[in-house]
Amino acid sequence: MNFIREKRLAKVLLIMLILVPVVTMGYLLLFDQLNEQRQEMINKNMQIARLTANYVDDYLSSYKQTLKGVAFRVPLIDNDRNELTKLLRDISLAHSEASLFYVANAKGQLLAKYPNDHADKNIVDRDFFTAAMQKKVFIGGPYVGRVTGIDIISITAPFYQDGKVSGIVGVSIPLDELQNKLSVIQIGHSGYATRFTKDGNFLWHPKLEELKKTMELDKTPLFKAALAAKTGEGSIGPSPGEEPPEQHSFVTLTEAPWVIVIVQPLQEFNNQMNQIMWRNIFIIILLIMFIIVILRYFNLLKDRIAAEHIQKAEKLALVGQLAAGVAHEIRNPLTSIKGFVQLIQSKKSEPIPEFYLETIMQEIDRINDIVGEMVVLAKPVPVQFAEINLRNLINDILNLIGPQAVLKDIQLELIASEDLLAIRGEPNQLKQVFINLIKNSIESIVDGGFVKIHLTNRGNSVVEVKVQDNGPGVPRENLEKLGTPFFTTKETGTGLGLMVTYGIIRNHKGEINVLSEVGHGTTFSINFPVLTIE
Ligand code: ADP
Ligand code: MG
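Residues numbered from 1 in each chain as written. Chains lettered and ligands numbered in written order. Predicted model: local features only at pLDDT ≥ 70, side-chain atom pairs only at ≥ 80, totals over all residues. Heavy atoms only, no water.

1. Some details on the sheet that holds strand β3 (residues 138-144)
What the five strands build is an open sheet, ordered β2-β1-β5-β4-β3; its pairing is antiparallel. Each edge of the open sheet is held by one strand with a lone partner, namely β2 (110-114) and β3. Direction aside, neighbouring strands of the sheet carry axes that sit 25° apart on average. Bridge analysis of strand β1 (residues 100-105) against strand β5 (residues 164-174) gives six bridges, and the strand direction is antiparallel. (Pairing = 2+ DSSP bridges. Helix = DSSP H or I, 4+ residues; strand = E, 2+ residues; numbered from the N terminus. Axes fitted to C-alpha atoms, helices over the stretch in contact; angles between N-to-C directions.)

2. Some points on the nonpolar core
By size, the foremost hydrophobic cluster in this structure holds 48 residues, and its most contacted members are Leu390, Phe434 and Ile438. Those elements giving two or more residues to this core turn out to be α7 (266-346), α8 (354-378), α9 (390-407), α10 (427-444), β15 (449-458), β16 (462-469), α12 (497-507) and β18 (521-529). Considering every element that reaches this core, the biggest residue donor is α9, with eight residues. With sequence-adjacent residues up to four places away left out, Leu390 is seen in contact with Leu420, Ile423, Leu430, Phe434, Leu455, Val463, Val465 and Phe528. In this structure, Tyr63, Ile91, Val251 and Ala256 belong to the second largest nonpolar core, which totals 43 residues. (Core = buried A, V, L, I, M, F, W, Y, C linked by side-chain atoms within 4.5 Å. Buried < 20%, exposed > 50% of the residue type's maximum accessible area, 1.4 Å probe, protein only. Contact = heavy atoms within 4.5 Å.)

3. Overview of the site of ligand 1
Taken together, 19 residues surround ligand 1, and among them Thr488, Thr489, Lys490, Thr494 and Leu498 come closest. At a separation of 3.4 Å, an oxygen atom of ligand 1 approaches a polar backbone atom of Gly497. One nitrogen or oxygen atom from the main chain of Leu498 is found 2.8 Å from an oxygen atom belonging to ligand 1. For ligand 1, the protein covers 93% of the area, taking 530 Å² as the surface of the free molecule. Residue contributions to the shell around ligand 1 peak at four residues, all from α10. (Near = heavy atom within 4 Å. Polar contact = N/O pair within 3.5 Å; in protein donor to acceptor, adjacent residues only side chain to side chain. Areas by Shrake-Rupley, 256 points an atom, 1.4 Å probe, with all protein chains shown as cover.)

4. Focus on the sheet that holds β16
Taken together, five strands build an open sheet; the order of strands is β13-β15-β16-β18-β17 and the sheet is mixed. For this open sheet the edge positions go to β13 (410-416) and β17 (511-517), each flanked by a neighbour on one side alone. The sheet shows a mean angle of 10° between the axes of neighbouring strands, direction not considered. Relative to β18, β16 runs antiparallel, the two being bridged by eight bridges.

5. Concerning the coordination of the magnesium ion (ligand 2)
Within the protein, the atoms that donate to the magnesium ion (ligand 2) are Asn436 (OD1) and Asn440 (OD1), at distances of 2.3 to 2.7 Å. Of the two residues, Asn436 and Asn440 are both situated in helix α10; the distance of four residues between them amounts to about one turn of the helix. No difference in accessibility class separates Asn436 from Asn440, as the two residues are buried. (Donors = N, O, S within 2.8 Å, 3.2 Å for Na, K, Ca; no water.)

6. Topic: the pattern of salt bridges
Scanning the entire structure with this criterion turns up eleven salt bridges. With its nearest N and O atoms 2.9 Å apart, the salt bridge here joins Arg50 to Glu233. Highlighted residues: Arg50 in helix α1 (residues 2-77) and Glu233 in strand β9 (residues 233-236), separated in sequence by 183 residues. Given a relative accessible area of 26%, Glu233 falls into the partly exposed group. Between Glu443 and Lys439 there is a salt bridge, with its nearest N and O atoms 2.6 Å apart. With Glu443 and Lys439 both in helix α10 and four residues apart, the pair spans about one turn of that helix. (Salt bridge = Lys/Arg side-chain N within 4 Å of Asp/Glu carboxyl O.)

Here you go:
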């Protein structure tokens with residue numbers, strides 16, 4: 001019992017020893033992988049934001065350069081509206097995205113514009129006008145264009161006459177143009193690029209109209225982070241409770257006080273991560289199952305090899321022990337054969353009496369039977385189940401074992417019912433069972449006694465075999481040790497006989513029980529299922 005419990009404990013420990021590191025490692029790897037993926041996503045989005053910012057910066061910078069060129073040439077033309085318009089038209093040919101190029105004097109009155117299909121307007125109150133008048137090249141927006149009436153961004157630069165600012169040149173670029181450049185950026189399935197000004201206006205957003213109604217940009221964590229960012233860039237995750245959760249990666253432009261934001265909806269990202277996670281968990285579970293199956297397989301294999309080994313060893317031990325008895329048994333018929341042969345030799349001329357030859361034949365048959373039985377028992381034969389008549393099988397065994405009983409003055413008796421039902425079994429293994437039980441009985445009896453074998457049908461589904469002796473019995477404390485490996489009370493015992501016996505009976509779907517009391521003998525009873533014909 002203890003032996004089995006210890007073995008089970010060892011098995012559990014072994015499995016734990018494998019499972020715990022595998023699970024821990026799997027978990028850590030998974031965690032690492034998720035973090036890595038998240039960092040990679042942020043890095044990628046930052047990269048996109050920087051590229052976009054660079055692109056927009058370049059775009060704005062090229063307009064600034066153009067305007068500086070125009071500002072340089074305006075004073076040379078000296079207020080000739082036609083010439084100025086021509087200059088603006090030439091410039092606009094190279095910048096087809098612009099909706100308006102214009103020149104204004106220091107009072108904000110337009111001196112010229114191209115295209116020229118709207119009425120002139122005064123721009124003196126506009127911040128892009130005042131900024132340029134203060135010698136700055138300015139980029140601002142979005143505005144509603146005073147001349148064109150559409151949403152624009154505005155770039156302005158001063159021009160100089162006699163060393164001081166005497167007016168500005170400007171260009172209006174429809175907001176749509178910049179929006180188109182950003183709208184081609186796709187982040188995953190539902191991510192996007194957006195942009196807002198540092199004073200809290202969206203320049204572009206795929207759901208701009210919707211957002212304007214529901215959201216005050218200047219109160220969002222993103223806006224605050226963008227204002228606070230020292231390097232002008234950063235990435236912030238969703239604030240708790242934010243719906244839907246989004247990762248915002250932003251970069252501030254150099255040319256204008258605008259922020260490019262790459263928005264990554266985390267729902268989509270998390271779904272991907274969940275997929276990775278479940279895939280990994282699945283792999284870990286498979287791995288664990290694989291390990292357990294392998295372990296079980298090796299365990300079973302080991303047990304089987306051990307069991308086969310023991311059964312074989314025990315069988316050889318039995319045969320060895322039997323050989324002594326058999327030698328004795330064979331000597332008797334040999335002696336009588338020898339006697340008859342001598343008789344025949346002495347009466348050379350007389351005809352040999354039929355009775356002599358018959359007796360010789362009988363004795364030879366008897367030797368043949370005994371030797372045959374030994375050979376069958378010792379020879380390894382493949383396990384092959386067949387219909388078994390237990391009465392015949394046990395009779396054979398009693399023939400074999402009889403001489404040993406006689407030596408110890410023990411009566412062997414087989415009591416079998418006439419109509420005994422057949423069972424299904426492997427003859428060699430069953431012989432091993434009964435030889436061991438009967439031998440144990442004989443060995444237990446010190447000085448004369450009996451061993452009775454009863455064979456009876458129990459109903460019509462069970463055949464019962466009882467091996468009963470009037471030996472000393474098994475002490476109570478030893479009863480539960482019967483059948484455990486190496487339990488023996490004999491000096492030359494193996495302590496394996498009963499274990500092998502129990503194993504064989506289990507293989508035959510039988511049941512074995514012991515009844516024993518010190519001083520009153522021992523009875524092993526075995527129930528075998530009756531052979532059923534399917
Ligand atoms: P072995 O015969 O080599 O000792 P077994 O497994 O056949 O090994 O038997 C184990 C022990 O069980 C014996 O040593 C003996 O103490 C006890 N035993 C088995 N059968 C009997 C019996 N019929 N009467 C008394 N003791 C028995
Ligand atoms: Mg034994």
